[in-house]
Amino acid sequence: MNDLEYIFKNAIIRNGDGTITIKPFSIELYKKIENCIVFINKSMDQDARKVLFKNERFTFSPAEKPLSFCVVFEILSYELKIIFLCLIFIGRKQNFRRLKPSTASSTVVKLKRITTTLEELGCKSLFDIESLSVLNKQKITEYYISKTTAKENGFYVITEILLMYGFISEDTFEVLNLNTQRTVLPSTSNYDRKSFPII
């Protein structure tokens with residue numbers, strides 16, 4: 001078993017219907033996977049080739065901007081990293097089309113925007129969204145929309161990612177998307193087993 005398979009064995013649940021549920025953070029779980037190699041980039045200098053799960057930044061190539069996780073709580077960092085790895089190595093569900101690292105990175109950057117509001121609301125995990133009041137859930141939406149243009153919005157897609165990986169329920173998904181002033185994108189559930197929306 002390679003390191004990536006070991007991370008997924010410990011951090012996700014592969015459900016019988018092909019869906020994936022990301023496991024909540026625990027110190028025990030994190031210690032198991034923190035030193036696992038996420039990938040090896042042969043185009044980097046020798047010291048930077050191995051990207052470990054515990055790294056504060058994931059760097060894919062010298063030409064690309066690193067994906068940083070150092071501005072969020074440890075629990076949120078863990079969750080965002082697992083989301084990223086699932087998107088590029090597994091997909092929305094098992095056997096779905098996987099995203100390119102650059103596209104998945106852009107998605108995680110969008111997800112990081114809502115963590116600012118979560119921290120202000122006293123949340124340390126994406127799972128905490130579910131227990132927030134309707135008003136506070138709408139604050140997440142309002143803050144995100146205020147910080148993005150209509151062209152780069154993507155709020156519907158990132159909340160659907162939270163839904164499909166088990167962080168929020170259908171009811172919370174609907175509340176978050178009540179007043180987004182967006183053009184509704186088709187649900188990923190309508191895509192065939194080899195497709196995923198381009199973000």
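Above: the structure in question.
Sequence positions are assigned chain by chain, starting from 1 and proceeding in written order. Local features in a predicted model are, by the rule used here, given only for residues with pLDDT of at least 70; side-chain atom pairs are given and counted only at 80 or more, and totals for whole chains, interfaces and linings are based on all residues. Side-chain metrics in this entry use all non-hydrogen atoms of the structure; hydrogen atoms and water are not considered.

**Overview of the packing of helix α4 (residues 101-120) against helix α5 (residues 134-146)**
Move 1: Axis geometry follows a simple rule: fit a line to the C-alpha atoms, using only the stretch in contact for helices, then measure angles between N-to-C directions, giving values from 0 to 180 degrees. Under the scheme used here, helices are H or I runs from DSSP no shorter than 4 residues and strands are E runs no shorter than 2 residues, and both carry numbers assigned from the N terminus. For the pair α4 and α5, the least separation of the axes is 9 Å and the interaxial angle reads 125°. Judged on the interaxial angle alone, α5 and α4 are oblique. In terms of crossing hand, the pair formed by α4 and α5 is right-handed. Packed against α4, whose contacting residues are Lys110, Arg113, Ile114, Thr116, Thr117 and Leu118, the element α5 presents Lys139, Ile140, Tyr143 and Tyr144 at the interface. In what follows, roughly perpendicular refers to angles from 65 to 115 degrees, roughly parallel to angles under 35, roughly antiparallel to angles over 145, and oblique to any angle outside these ranges. Crossings are assigned a handedness: left-handed for a near helix turned anticlockwise from the far helix by less than a right angle, right-handed for a clockwise turn. Contacts: residue pairs with any heavy atoms within 4.5 Å of one another.

**Here we look at a negative patch on the surface**
Move 1: Together, Glu130, Glu170, Asp171 and Glu174 make up a region of like negative charge exposed at the surface.
Move 2: With respect to the helices and strands, Glu170 occurs in helix α7 (residues 170-176). Residues form patches when they are more than 30% accessible in relative terms and have no salt bridge. Like charges link within 9 Å. Nonpolar side chains (Val, Leu, Ile, Met, Phe, Trp, Tyr) link within 5 Å. Throughout, the Shrake-Rupley method with a 1.4 Å probe supplies accessible areas, and for residues the shown protein chains are the sole cover considered. What counts as a salt bridge is simple: a side-chain nitrogen of Lys or Arg found within 4 Å of a carboxyl oxygen of Asp or Glu. Positive residues here are Lys and Arg, negative ones are Asp and Glu, while His and the chain termini are left out of the count. By convention, charge coordinates are those of NZ in Lys, CZ in Arg, CG in Asp, or CD in Glu.

**Structural notes on helix α6 (residues 155-164)**
Move 1: When accessible area is computed with a 1.4 Å probe and restricted to protein chains, residues below 20% of their type maximum are described as buried, those above 50% as exposed, and intermediate ones as partly exposed. Where burial is concerned, most of α6 is hidden: ten out of the ten residues are buried.
Move 2: The complete set of buried residues in α6 reads Phe155, Tyr156, Val157, Ile158, Thr159, Glu160, Ile161, Leu162, Leu163 and Met164.
Move 3: Buried-residue contacts for α6 involve β2 (20-22), α3 (74-89), α4, α5 and α7.
Move 4: One or two positions beyond α6, positive phi appears at Gly166, with a value near 90°.

**Re the environment of Lys93**
Move 1: Here Lys93 is to be found in the loop between α3 and α4.
Move 2: What makes Lys93 buried here is its relative accessible area of 16%.

**Regarding the packing of α3 against α4**
Move 1: At their nearest, the axes of α3 and α4 sit 10 Å apart, and the two run at 155° to each other. As the angle between them shows, α3 and α4 are arranged roughly antiparallel. Once α3 is placed against α4, the crossing between them reads as right-handed. Only Pro101, Ala104, Ser105, Thr107, Val108, Leu111, Lys112, Thr115, Leu118 and Glu119 of α4 make contact with α3, whose side of the interface consists of Leu76, Leu80, Ile83, Phe84, Leu87 and Ile88.
Move 2: Class assignment of the residues belonging to the contact of α3 with α4 gives a composition of eleven nonpolar, three polar and two charged. Residues were grouped as follows: Ala, Val, Leu, Ile, Met, Phe, Trp, Tyr, Cys and Pro as nonpolar; Asp, Glu, Lys and Arg as charged; and all remaining residues, including Gly, as polar.

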